[in-house]
Amino acid sequence: MTAHRLALLAAPEVRALAAAGAPALWAIGSTEQHGTHLVTGFDLASAQAVCDRAAERCPRDVALLPGLPFGSSDHWLPLGATWSLSPTTLVSLVGDVARSAAAAGFQRLTIVNGHAGNIGPAVTAVGGLVADTTIVEFLSYWTLVDPERIKALSPSDGGGVGHAGEVETSIALYLGGLAVDERLPAPAGKELSEGPGSSDPIIRAPRPLTEAPGGVYGNPTTATRELGELMIETAADRLAAHLTDA
């Protein structure tokens with residue numbers, strides 16, 4: 001069918017989409033440093049790319065909300081080039097947007113995340129909602145891709161998403177315009193010893209000044225366009241299938 005960008009529609013068209021049962025899709029990301037080689041808006045751009053492709057592939061109308069360019073990124077503030085929302089602010093923001101979607105008549109709001117720091121606040125926000133009229137759901141786009149497939153194309157980082165490392169740099173190469181070509185290959189940062197699906201239950205607070213003073217978790221030097229294509233296109237296909245069946 002058609003991907004409809006709500007910011008470019010007038011109120012009657014938005015009301016018609018809601019009345020017709022179109023799901024609402026919202027990409028959220030961050031504006032933060034991504035080493036010397038990736039743009040600060042990478043997280044939203046990658047999540048938005050997945051949403052745009054999924055909406056285009058879905059056989060039903062999909063309402064695309066304007067993406068959120070700020071996230072919970074306090075851990076990167078010491079390195080500069082970062083704008084951050086406090087976790088409590090992000091919890092409130094996600095809850096307010098979800099309640100607005102319900103008030104606008106949308107029966108489903110799917111939040112697609114591109115920044116790891118948003119996960120805790122967003123899960124808290126969604127968990128605190130009473131979704132009597134609107135289904136609100138949250139996911140990070142990389143979780144839509146089989147970890148073993150990522151690992152097979154990720155010799156350096158073992159499938160770990162990291163930060164400006166092998167996976168994210170591969171996505172930048174695939175999408176174009178998100179990496180500074182003359183700064184590639186960028187130097188490696190903190191080594192990723194654990195990939196998606198790790199059995200390690202311990203979550204550790206990041207220490208960027210000591211662990212990754214260059215702003216990178218992972219190894220961007222082995223990034224490939226093939227890995228980037230896997231991440232974006234597979235995630236988009238699975239999201240489109242989810243929206244179709246919802």
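(A) Geometry of the overall build of the protein. In terms of regular secondary structure, the protein is built from eight helices and five strands. Seen in sequence order, the protein has helices and strands lined up from the N terminus as β-α-β-α-β-α-β-α-β-α-α-α-α. Oriented by its inertia axes, the alpha-carbon framework of the protein measures out at about 50 × 35 × 35 Å. Per-residue burial over the protein gives 47% buried out of 246 residues. Put simply, 79% of the contacts in the protein that link residues at least 6 apart link residues at least 24 apart. By element, 56% of the accessible surface of the protein is carried by carbon and sulfur atoms, the whole surface being about 11,100 Å².

(B) Expanded view of the nonpolar core. L25, Y141, M231 and L239 are the most contacted members of the largest nonpolar core, which totals 39 residues. Looking at this core, the elements that each hand over two or more residues are β2 (24–28), α2 (42–57), β3 (62–64), α6 (166–175) and α8 (225–245). If you tally residues by element for this core, the top one is α8, at nine residues.

(C) Examining the sheet that holds strand β4 (residues 108–113) more closely. Taken together, five strands build an open sheet; the order of strands is β1-β3-β2-β4-β5 and the sheet is parallel. Every interior strand has two partners, whereas the edge strands, β1 (3–5) and β5 (135–140), have only one. On average, each strand axis in the sheet is tilted by 25° relative to the strand beside it, whichever way the strands run. Against the sheet, α8 contacts β2, β3, β4 and β5, and its axis sits at roughly 170° relative to β4.

(D) Structural detail: the packing of aromatic side chains. Scanning all chains against the criterion turns up two aromatic pairs. Judged by centre distance (5.7 Å) and plane angle (65°), the rings of W76 and Y217 are edge-to-face. Of this pair, W76 sits in the loop between β3 and α3 (87–103) while Y217 sits in the loop between α7 (208–211) and α8, and the two are 141 residues apart along the sequence. For the residue pair W76 and Y217, the accessibility class agrees, reading buried in each case.

(E) A look at the confidence of the model for the protein. Averaged over every residue, the pLDDT of the protein is 94; residues scoring 70 or more account for 96%. Per-residue pLDDT stays below 50 along residues 194–199; that stretch engages in eight contacts with residues further than four places along the chain or on separate chains.

(F) Expanded view of the side chain of H163. Its place among the elements puts H163 in the loop between α5 (147–152) and α6. In this structure H163 comes out as buried when scored by relative accessible area, which is 7%. A distance of 2.8 Å separates a polar atom in the side chain of H163 from the backbone oxygen of Q33. Ignoring any residue separated from it by four or fewer positions in sequence, one finds H163 in contact with E32, Q33, H34, W76, E168, G215, V216 and Y217.

(G) Highlighting α2. Compared with the 22 Å implied by 1.5 Å per residue over 16 residues, the 23 Å span of α2 between its first and last C-alpha is a close match. The inward-facing, buried residues of α2 contact β1, β2, β3, β4, α6 and α8.

(H) Fine view of the side chain of E137. Topologically, E137 is positioned in strand β5. By relative accessible area, E137 is classed as buried at 16%. Polar contacts involving the side chain of E137 include one to the side chain of T110, which spans 2.6 Å. Polar side-chain contacts of E137 include one of 2.7 Å to the side chain of H242. When near neighbours in sequence (up to four residues on either side) are disregarded, E137 contacts R108, L109, T110, I111 and H242.

(I) Quick look at the packing of α2 against α6. Two elements in contact, α2 and α6, have axes separated by 11 Å at closest approach and are oriented at 60°. Between α2 and α6, the crossing angle belongs to the class labelled oblique. Our pair here, α2 against α6, has a crossing hand that is left-handed. Taking contact as the criterion, the partners of F42, D43, A45, S46, A49 and R53 in α2 are, on α6, E168, I171, A172, Y174 and L175. Per-class residue counts for the contact of α2 with α6 are seven nonpolar, one polar and three charged.

About the cut-offs
- Residues numbered from 1 in each chain as written.
- Predicted model: local features only at pLDDT ≥ 70, side-chain atom pairs only at ≥ 80, totals over all residues.
- Heavy atoms only, no water.
- Helix = DSSP H or I, 4+ residues; strand = E, 2+ residues; numbered from the N terminus.
- Buried < 20%, exposed > 50% of the residue type's maximum accessible area, 1.4 Å probe, protein only.
- Contact = heavy atoms within 4.5 Å.
- Areas by Shrake-Rupley, 256 points an atom, 1.4 Å probe, with all protein chains shown as cover.
- Core = buried A, V, L, I, M, F, W, Y, C linked by side-chain atoms within 4.5 Å.
- Pairing = 2+ DSSP bridges.
- Axes fitted to C-alpha atoms, helices over the stretch in contact; angles between N-to-C directions.
- Phe/Tyr/Trp six-rings, centres within 6.5 Å; stacked < 30°, edge-to-face > 60°.
- pLDDT = per-residue confidence, 0-100.
- Polar contact = N/O pair within 3.5 Å; in protein donor to acceptor, adjacent residues only side chain to side chain.
- Expected span 1.5 Å × (residues − 1).
- Parallel < 35°, antiparallel > 145°, perpendicular 65-115°, else oblique.
- Left-handed = near helix turned anticlockwise from the far one by under 90°.
- Nonpolar A, V, L, I, M, F, W, Y, C, P; charged D, E, K, R; others polar.

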